Structure formats: C-alpha cells, structure tokens
Amino acid sequence: MVQKIAIIGSTGTLGRLALDVIEKNPGRFKIVGLATFQNAELLAEQAESALGEHTHVPFLTALHQGDSWEKFVEECGADRIFFASSGVTALPALFKAIALKKNIALANKELLVVAGEEIMTRARGNGVQIIPVDSEHSGIFQCLQGEKMEDVEKVTLTCSGGPFRGKTRAELEHVTAEEALNHPSWNMGKEISIDSA
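Residues numbered from 1 in each chain as written. Predicted model: local features only at pLDDT ≥ 70, side-chain atom pairs only at ≥ 80, totals over all residues. Heavy atoms only, no water.

(A) Inspection of a nonpolar patch on the surface at higher detail. Judged by side-chain polarity, Val-88, Val-113 and Val-114 come together as a nonpolar surface patch covering roughly 280 Å² of accessible area. If you trace the backbone, Val-114 turns up in helix H5 (residues 109-126). (Patch = residues over 30% accessible without salt bridge, like charges linked within 9 Å, V, L, I, M, F, W, Y side chains within 5 Å. Areas by Shrake-Rupley, 256 points an atom, 1.4 Å probe, with all protein chains shown as cover. Salt bridge = Lys/Arg side-chain N within 4 Å of Asp/Glu carboxyl O. Helix = DSSP H or I, 4+ residues; strand = E, 2+ residues; numbered from the N terminus.)

(B) Seen up close, the pattern of salt bridges. Under the criterion given, the structure shown has three salt bridges. The partner of Asp-20 in a salt bridge is Lys-24, and the shortest N-O contact between them spans 3.1 Å. Relative accessible area serves as the criterion here: at 32%, Asp-20 is assigned to the partly exposed category. (Buried < 20%, exposed > 50% of the residue type's maximum accessible area, 1.4 Å probe, protein only.)

(C) Spotlight on the pairing of strand S1 (residues 3-8). Both S1 and strand S2 (residues 29-35) contribute to a ladder of six bridges, which runs parallel. Within S2, the residue paired with Gln-3 across the bridge is Phe-29. With helix H1 (residues 13-23) bridging S1 and its parallel neighbour S2, the resulting β-α-β unit is right-handed. Both S1 and strand S4 (residues 80-83) contribute to a ladder of four bridges, which runs parallel. Looking at S4, one finds that Ile-7 is bridged to Phe-82. (Pairing = 2+ DSSP bridges. Right-handed = clockwise from strand over helix to strand, strands pointing away.)

Now the structure itself:
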C-alpha cells in the first residue's frame, strides 16, 4: 500500500533528505503536501519534481501562524506527516495531526523538549504512531525496540563533537557566534548550529 506523506519543513536539510529517500523508493510513498516557512522558489521546484505539473497538492510557504500549519495538516490528505521544521512553531499543527489520527515522522526534537509528555499522552490516546527520524532520538528509538521499558535504567547520549570539541572551559569563555556557526561536520543553519554549539 502506498503511504501518503506530507512534509512540514521540506526545504530544510531534513526535508530535502526525506524527499530524496522517497524518490529512491518509488511505489512506496506518495507526496501529498509540502510546506515551508521560506524559500518559495525551492518549494515550487520540489512540488514540480515530486508531484508533477498535473498533480494538485496543498503546499504553503512563508507561514508565520500556527493556524496555517493546522489547516495544511487538515487539508493535505496525508497518512503520515513528517515534521522537519525547526523550533516550536509547528506545535499546534502537531497537536492537530494527532487529533486527526495522522501518524507522525518527527525530526524536530524541540517539540519533544517543550511538550514531550503532552505529545506522547495525546498520541497514545489517539493510537498515533510517532517515529523519530533524526539522529539521537532515532538512535534511542531503534536501540529500545523489543526491550521492556522497566528494564531500562538510563539512556546516555553522546555527541560527535562540534566547533568547540576539546576546548577547555577557559577557551570557551571568549568564543564568538562566528565560531559557533563553524560546525566541522554539518550545515544545519544558523539557529540549530548555535543551539547545538
């Protein structure tokens, strides 16, 4: 059965990666919606590439209000919604998706930090599957498959390092924003690079 997918944050790094994975798995997925905060030009290219010029699909750009994202979630007709946007602006849309019993692919860890208990309570109550798809929380999810949660005493997260790996406390006292933005492995955008550093 073909799974209908909508992506919130399709023009960002993870949204583009998701589209690449979908393209490499023909017959398994169908894009039914693309949304982004900015980069309308790339969004239009993605829509034409993923959907074809004769396919009509809701896709939105330059959104700054949660109710627009909620409307997108309601109207896109997806089986699963991939939340690849950063920050917490998409939280009302995530709650709407859960209320509509849409399964979730979640790359946005900030949403879990801000409202994780509420998100998971609502998801369980509506029988909604939330699959973490970004680095750390996906790794934890995969490691815990088949395990009894009562047998897990603690989870330890490590990191691959960033611009300040190996620096002493004294060296960290005078770092600049420019240095924080200079991640050695990833181009994650300014906000996530600063948060990560």
